[in-house]
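Coordinate inspection notes
Chain by chain, the residues run as shown.
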Amino acid sequence: MEIPLTSDFSVKFIINLLRGNAFNERTIVTLIETLPEVFLGDGYWIEKEVNLWDFMNEERRKELESKFTHPTQPDIRIIHPMQPDIDILFGPEVNNERLTPLTAVEVKLFKTEGGRVMPKAGWRGFYEGIGEAMALLTFGFDFVELWQLFFIPREVEKIWRRLDHSATYTVLVKNLIERLKLPLGYRCFTMMEYNGKIWLHEECRILPKKNPFLEGYALKIRSLIKDALNVEEGNEGR
């Protein structure tokens, strides 16, 4: 599938693709926000790079801190660290109204470096992003997903070998999620630049399970997010 780049986004995006280190996860997150119909389809609202501390004021802080308690030991107060930031947050939009369910996405970029396919953010490996995605379950979202994108530059030799590497990573992550029955969704994409165009192919998709941590302090954070982003309760589906 060719990505239909917009006139105000295409030049910057293609330059970043071709300039190596300039291409990073923020570029991908911006692409997803700019073209949600490519990744999500029609009928969704979307927010990128959401930091919950940006929503906090003194009144909200007191409200949250006074009501954060341990789910089984109510005499123990919990102050949530509000980490990590949320790369992508989306939900259905009906008649210009933002609705739940809330879905949070952790985005990780991989690209060819030094002859190997590695995460752009570091050198940890195929499991990049799983920890952050698991942490997002404590925020009160209905669903949490991990999206891994593998970018293969045009100049890379033996491109099919690079595709084999990304396929290996995908199988390992898929097995972790399915065999451990993690409540995470998973999407894996391969992205290539060819003949002045950018192509995107989805290699794998696992639908997320309902978040099992919708209780206690998680519901308080959920209320904070809904209030700050003007989101109303919708339906139970996706």
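Preceding this section is the structure that the text describes.
The paragraphs below set out a description of the structure included in this document.

Thresholds applied
- Residues numbered from 1 in each chain as written.
- Predicted model: local features only at pLDDT ≥ 70, side-chain atom pairs only at ≥ 80, totals over all residues.
- Heavy atoms only, no water.
- Helix = DSSP H or I, 4+ residues; strand = E, 2+ residues; numbered from the N terminus.
- Contact = heavy atoms within 4.5 Å.
- Areas by Shrake-Rupley, 256 points an atom, 1.4 Å probe, with all protein chains shown as cover.
- Buried < 20%, exposed > 50% of the residue type's maximum accessible area, 1.4 Å probe, protein only.
- Salt bridge = Lys/Arg side-chain N within 4 Å of Asp/Glu carboxyl O.
- Core = buried A, V, L, I, M, F, W, Y, C linked by side-chain atoms within 4.5 Å.
- Expected span 1.5 Å × (residues − 1).
- Phe/Tyr/Trp six-rings, centres within 6.5 Å; stacked < 30°, edge-to-face > 60°.
- Polar contact = N/O pair within 3.5 Å; in protein donor to acceptor, adjacent residues only side chain to side chain.
- Pairing = 2+ DSSP bridges.

**Topic: the overall build of the chain**
A count of helices and strands for the chain gives seven helices and nine strands. A separation of at least 24 residues holds for 69% of the contacts in the chain among residues at least 6 apart in sequence. Per element, the accessible surface of the chain, about 12,400 Å² overall, is 50% carbon and sulfur.

**A closer look at helix α2 (residues 25–34)**
In an α-helix there are 3.6 residues to a turn, and that puts residues three or four apart on one side. Along α2, seven of the ten residues are buried, which leaves the element largely enclosed by surrounding structure. Every buried residue belonging to α2 is among E25, T27, I28, V29, T30, L31 and I32, and all of these are buried.

**Examining the pattern of salt bridges**
All told, the structure shown has twelve salt bridges when counted by the stated rule. Here K108 makes a salt bridge to E106, at a shortest N to O gap of 3.5 Å. For K108, a relative accessible area of 6% puts it in the buried group. For E106, a relative accessible area of 4% gives the class buried. A salt bridge links R187 to E202; its shortest N-O distance comes to 2.8 Å. One end of the pair, R187, is in strand β7 (residues 184–194); the other, E202, is in strand β8 (residues 197–206), and 15 residues separate them in sequence. Its relative accessible area of 3% is what places R187 among the buried residues. Salt bridges here are not isolated pairs; linked through shared partners, they connect D142, K210, R222, K226 and E233.

**Observations concerning the environment of E25**
For E25, the location among the structural elements is in helix α2. Spatially, the C-alpha atoms of E25 and D87 are 9.1 Å apart, while their sequence positions differ by 62 residues.

**Description of the nonpolar core**
Where a protein is soluble and globular, its nonpolar side chains tend to be buried together. One finds I86, L89, F141, Y186 and I225 to be the most contacted residues of the largest nonpolar core, which totals 30 residues. In this view, I225 contacts L52, L89, L102, F139 and F141; residues no more than four positions away in its chain are not counted. Of all hydrophobic cores here, the second largest spans 21 residues; its members include I46, V107, L149 and L200.

**Examining helix α7 (residues 217–229)**
The end-to-end C-alpha separation of α7 is 19 Å, in line with the 18 Å expected for 13 residues at 1.5 Å each. Listed in full, the buried residues belonging to α7 are Y217, A218, I221, R222, L224, I225, K226 and L229. One or two residues past the end of α7 sits N230, with phi positive at roughly 55°.

**Concerning the packing of aromatic side chains**
This model, assessed by the stated rule, comprises six aromatic pairs. On the basis of an interplanar angle of 75° and a centroid distance of 5.5 Å, the ring pair of F39 and F189 is categorised as edge-to-face. Separated by 150 residues along the polypeptide, F39 in helix α3 (residues 36–39) and F189 in strand β7 bring together distant segments of the chain. We classify F39 as buried; its relative accessible area is 3%.

**Description of the side chain of R187**
Of note is the side chain of R187, whose polar atom sits 2.7 Å from the backbone oxygen of F39. Once residues within four sequence positions are removed from consideration, R187 is found in contact with F39, L40, E145, L146, W147, Q148, E202, C204 and R205.

**Comments concerning the pairing of strand β2 (residues 86–94)**
Among the nine residues that make up β2, seven are buried, leaving the element largely enclosed by the rest of the structure. Bridging between strand β1 (residues 44–50) and β2 involves six bridges; their strand directions are antiparallel. Among the inter-strand pairings, E47 is bridged to a residue of β2, identified as L89. Both β2 and strand β3 (residues 97–99) contribute to a ladder of two bridges, which runs antiparallel. Note that in β3 the partner of E93 across the bridge is R98.

Distances and angles like these do not, on their own, reveal function.
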